[in-house]
Amino acid sequence: LSEKLGRGGEIHHVDPSPVTDALDDGYIPVVSTVAQGTDADCAYNINADTAAAKLAEALNAEKLILLTDVRGLLRDPHDEDTLIHVLHTYDVPELVAQGVISGGMIPKVDCCVEAVRSGVDSAIILDGRVAHSILIELLSDAGIGTMLVH
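A quick note: this is a predicted structure, and the numbers were derived from the prediction, not measured.

Basis of the calculations
Within each chain, residue numbers correspond to sequence positions counted from 1 in written order. Selection of residues for local features in this predicted model requires a pLDDT of at least 70, selection of side-chain atom pairs for listing and counting requires 80 or more, and totals for whole chains, interfaces and linings are taken over all residues. Hydrogens and water are ignored here; the side-chain numbers use all heavy atoms of the structure. Helix and strand labels come from DSSP, where a helix needs a run of H or I of at least four residues and a strand needs a run of E of at least two; each type is numbered from the N terminus. Here's how the labels work: a residue is buried when its accessible area is under 20% of the maximum for its type, exposed when over 50%, partly exposed in between, all with a 1.4 Å probe on protein chains only. What goes into a patch is any residue over 30% in relative accessible area without a salt bridge, connected to like charges within 9 Å or, for nonpolar side chains (Val, Leu, Ile, Met, Phe, Trp, Tyr), within 5 Å. Throughout, the Shrake-Rupley method with a 1.4 Å probe supplies accessible areas, and for residues the shown protein chains are the sole cover considered. The term salt bridge refers to a pairing of a side-chain nitrogen on Lys or Arg with a carboxyl oxygen on Asp or Glu at a separation within 4 Å. In this tally, Asp and Glu contribute negative charge and Lys and Arg positive charge; neither His nor the terminal groups of the chain are included. Lysine's charge is taken at NZ, arginine's at CZ, aspartate's at CG and glutamate's at CD. Throughout this description, the term nonpolar core refers to a set of buried Ala, Val, Leu, Ile, Met, Phe, Trp, Tyr and Cys residues connected via side-chain atoms within 4.5 Å. Contacts are residue-level and defined by heavy atoms, with any inter-residue pair within 4.5 Å sufficient.

Section: unusual backbone geometry
For Asn60, which is not glycine, the phi dihedral falls at a positive 55°. Position of Asn60 relative to the elements: it lies in the loop between α2 (48-58) and β3 (63-68). Residue classification places Asn60 among the exposed residues on the basis of a relative accessible area of 68%. Positive phi, normally seen in glycine, also occurs at His132, with a value near 60°. Note on placement: His132 falls in the loop between β5 (122-127) and α5 (133-139).

Right under this line is the structure:
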């Protein structure tokens, strides 16, 4: 990574016990994406979407929800009416090859795919600018973002 972003790192192990302990005690945990390295006495900057996906896997979560500033995955990034509501993990490589999944959406989709392949039932890319977007997504039949499933 560039100096601007700091020292980048990869996640090799997640201990979910601090999160489950906080939840058991009635707290809502806030997770930082700066992690202590095992190879050196320094901290690493971890991609927040990747950290959320790895934590979802470690918690055996049913859903992973990633908030972003777009409706979800769009077939045409300039047309919000082209939202892909449901995406199967096996369709991702073709959409990358076609350029539908590009730029910053690639790591976001990649971590969703990894989470779903690792046991999370679904991963949802959702527009965090929409008021109550999480509630709408979870409580409606159609949903308003892109849901990745196996």
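A closer look at a negative patch on the surface
Taken together, the side chains of Asp15, Asp21, Asp24 and Asp25 make up a negatively charged region of the molecular surface. Topologically, Asp25 is positioned in the loop between α1 (17-24) and β1 (34-36).

Looking at the nonpolar core
Core analysis: the biggest nonpolar cluster contains 22 residues, and Leu64, Leu87, Ile101, Val109 and Leu148 have the highest contact counts within it. Those elements that place two or more of their residues in this core are α2, β3, α3 (92-97), α4 (105-117) and β5. Ranked by the residues each element gives to this core, the list is headed by α4, at seven residues. Setting aside chain neighbours within four positions, we find Ile101 in contact with Leu73, Leu87, Val92, Leu95, Val96, Ile106 and Val109.

A closer look at a nonpolar patch on the surface
Together, Leu67, Ile134, Leu135, Leu138 and Leu139 make up an exposed nonpolar region whose accessible area comes to about 490 Å². Sorting elements by how many residues they give to the nonpolar patch places α5 first, with four residues.

Function cannot be inferred from these measures alone, as they are strictly geometric.
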